[in-house]
Amino acid sequence: MKLARSSTMRRTTTKRLAGACALAFLAWAGSASAGPTIAFGKEGNLTFNYSLQAWGQARDFSSATDSGKSTDFFLRRNRLTFSGQFNDLVGFYANLDAPSDSKYGQDDKSIFFRDSYITIDQSDGLRFMVGRFKNAFTRENLEACFDPLTMDRAEVLAYTPWGGSRDTGAAVWGNLADGKFQYKVMVSDGREGDAVAKDSPRVTGRVHLTLLDPEYEYGYRGTYLGTRNVFTIGASYDYQKSVAYGDYIGKTDIKDYKAWTADVFWEQPTSSGTFTASAAVMRYDTGKVHWGLAPDPNLPATTDLEGWYVKAGYLLPQKIGPGRLQIFGRHEVSDYNLPTGYRDQKWDGIGFHYLLNGQLLKLSFEAAKVKFDVQNPTDASQRDYNQYTLGLQ
């Protein structure tokens, strides 16, 4: 199915959202299909699955250089997944993706392997992963993107400066004390390339304690839709030595990267509905490398990002028509610690999910207001704006 290209024509919010709604309903036919499973050998199996998130988004700017209002229809996520087991010990997972296809008018995005790894499950307390997979740092990054509480995870705050959401390496993890305690240790590439002062491995560690129903998977969900009673406290640490130069020209003032985060998640199903709340604080620290004498021009803006978020949701107990309604809200604060003061922002969003078949088929909407501490006169994307998103998966 080919989606409409982005348009910078000025329209009312009502018209833009109506167009987004039409796009979402056109995608219904294939969004909830579950894939087949094929058996092979004595113990092997392979499952195919296709997952789609189609979004229509209206906001108060078109690009960094265009402050005109815009409407954009695109595929936020567009994935073909292969997963299974060779036997009881060894499994595998591969994920082909073409994210944000048609966003900003960029059609026919390249397809690539977002995830590709094998698993070795010696026991519940001792498991291994090798390949490219989600890094083990923030809870929100580890939450499944097709099972969020809000419209999506944070646009920036949930992702580490080096490696983004995924990294390539190996991890050992497991559940102890009947799933109440979980640990993860990951060694991966982190930042690589000629600009790195020294090619050192990145080391990430995470632990969590679950006081009620266990969260025993490697990843999490943003909401369990009332199927679990959960209270989890987690913390992580991330480190890589000699990742950048404060003086890139002179190749001096070498900086290490370190980061920490702490988070809490709570979900309580009751006869009057399901209540969900989650919060996290994170700090990425590369020694304020952007303040150096001649910092590396290839550095991301997030090298010294710090911030926090709180989000909450309420799932009504009864159906409304053919589906169930979950409302949500999010407040997020980000401080980039850049010399200019640009990018520092507050994000407030409110919206709903209309769940026609749980997370397999749902219609979602979010209205967000983003306010910047300092308005950037040359970049429209770094000035106060409103954003409206309607999506279907």
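Residues numbered from 1 in each chain as written. Predicted model: local features only at pLDDT ≥ 70, side-chain atom pairs only at ≥ 80, totals over all residues. Heavy atoms only, no water.

K.L.:
Where do I start with the nonpolar core in this structure?
P.N.:
Note on soluble globular proteins: their nonpolar side chains tend to be buried together. If you look at the biggest cluster of nonpolar residues, it comprises 19 residues, and the most contacted ones within it are Tyr 257, Met 282 and Tyr 284. Among the elements that take part in this core, strand S12 (residues 273–285) stands out by supplying three residues, more than any other. Counting residues in hydrophobic clusters, the runner-up holds 10 residues, among them Met 129, Phe 133, Leu 142 and Met 186. (Core = buried A, V, L, I, M, F, W, Y, C linked by side-chain atoms within 4.5 Å. Buried < 20%, exposed > 50% of the residue type's maximum accessible area, 1.4 Å probe, protein only. Helix = DSSP H or I, 4+ residues; strand = E, 2+ residues; numbered from the N terminus.)

K.L.:
Sorry, what's going on with empty space enclosed by the protein here?
P.N.:
Rolled over the atoms, a probe as big as a water molecule pinpoints where empty space is left. In the structure shown here, the tally under the stated rule is two cavities of 30 Å³ or more. If you add up the space inside the largest cavity, you get close to 80 Å³. Every residue lining the largest cavity is listed: Gln 53, Trp 55, Pro 148, Met 151, His 353, Lys 362, Ser 364, Gly 391, Leu 392 and Gln 393. In this structure, the second largest cavity occupies an estimated 60 Å³ of space. If you trace the second largest cavity, you find it lined by Glu 140, Glu 143, Ala 144, Cys 145, Pro 148, Leu 149, Thr 150, Asp 152, Arg 153 and Lys 311. Considering only residue class, the lining of the second largest cavity consists of four nonpolar, one polar and five charged. (1 Å grid on protein atoms, 1.4 Å probe; cavity = no way out; pocket = protein on both sides within 12 Å on 5 of 7 lines; lining within 4 Å. Points joined across faces, edges and corners; volume = space filled by probe spheres on them. Nonpolar A, V, L, I, M, F, W, Y, C, P; charged D, E, K, R; others polar.)

K.L.:
Explanation requested: the layout of surface pockets in the structure shown.
P.N.:
Of the volumes computed, that of the largest pocket is approximately 1,300 Å³. Around the largest pocket sit 43 residues that line it, and Thr 81, Tyr 93, Tyr 117, Ala 144 and Asp 147 are the ones nearest its centre. For the lining of the largest pocket, the elements supplying multiple residues, two or more each, are strand S2 (44–59), strand S3 (70–85), strand S4 (90–97), strand S5 (112–123), strand S6 (126–134) and strand S7 (166–176). Broken down by class, the residue content of the lining of the largest pocket amounts to 19 nonpolar, 15 polar and nine charged. Quantified by volume, the second largest pocket comes out at close to 1,000 Å³. Considering the residues around the second largest pocket, the lining is formed by 36 residues, among which Lys 103, Ala 154, Glu 155, Val 156 and Tyr 159 are closest to the centre. When residues of the lining of the second largest pocket are traced back to their parent elements, those giving at least two are S2, S3, strand S14 (324–335), strand S15 (345–357), strand S16 (361–372) and strand S17 (385–392). Residue composition of the lining of the second largest pocket, grouped by class: 11 nonpolar, 11 polar and 14 charged.

K.L.:
Mind showing me how you'd approach the pairing of S5 here?
P.N.:
Across a regular strand the side chains alternate sides, sitting on one face of the sheet and then on the other. Judged from the eight bridges that link them, S4 and S5 form a sheet pairing that is antiparallel. In the sheet register, Gly 91 faces S5, and the bridge partner there is Thr 119. Between S5 and S6, which pair antiparallel and follow one another directly, the connecting turn spans two residues. (Pairing = 2+ DSSP bridges.)

K.L.:
Could you clarify how one ought to interpret the packing of aromatic side chains in this entry?
P.N.:
Between two aromatic rings, the relevant description is the distance of the centres plus the angle of the planes. In this structure the tally under the stated criterion is 15 aromatic pairs. Centre to centre, the rings of Phe 133 and Tyr 218 are 6.1 Å apart; their planes meet at 80°, and the pair counts as edge-to-face. Separated by 85 residues along the polypeptide, Phe 133 in strand S6 and Tyr 218 in the loop between strand S9 (202–210) and strand S10 (230–247) bring together distant segments of the chain. Considered together, Phe 133 and Tyr 218 belong to a single accessibility category, that of buried residues. Ring-pair connections join several aromatic residues into one group, and the members of that group are Tyr 93, Tyr 117, Phe 133, Trp 173 and Tyr 218. Here the guanidinium or amino end of Lys 288 rests over the ring plane of Trp 291, the centre of that ring lying 5.7 Å away. Here the guanidinium or amino end of Arg 330 rests over the ring plane of Tyr 309, the centre of that ring lying 4.7 Å away. (Phe/Tyr/Trp six-rings, centres within 6.5 Å; stacked < 30°, edge-to-face > 60°. Lys NZ or Arg CZ within 6 Å of the ring centre and 35° of its normal.)

K.L.:
Explanation requested: the environment of Leu 316 in the structure shown.
P.N.:
Among the secondary structure elements, Leu 316 is positioned in the loop between strand S13 (306–315) and S14. The class of Leu 316 is partly exposed, set by a relative accessible area of 22%. Between the C-alpha atoms of Leu 316 and Leu 157, which are 159 residues apart in sequence, the distance is 29 Å.

K.L.:
Would you explain a nonpolar patch on the surface in this entry?
P.N.:
Together, Leu 176, Phe 181, Val 207, Leu 209, Leu 211, Leu 212, Ile 233 and Val 264 line one region of the surface with nonpolar side chains, adding up to about 580 Å² of accessible area. Tracing the chain through its elements places Val 207 in strand S9. (Patch = residues over 30% accessible without salt bridge, like charges linked within 9 Å, V, L, I, M, F, W, Y side chains within 5 Å. Areas by Shrake-Rupley, 256 points an atom, 1.4 Å probe, with all protein chains shown as cover. Salt bridge = Lys/Arg side-chain N within 4 Å of Asp/Glu carboxyl O.)

Without other data, these values stay purely geometric and don't point to any function.
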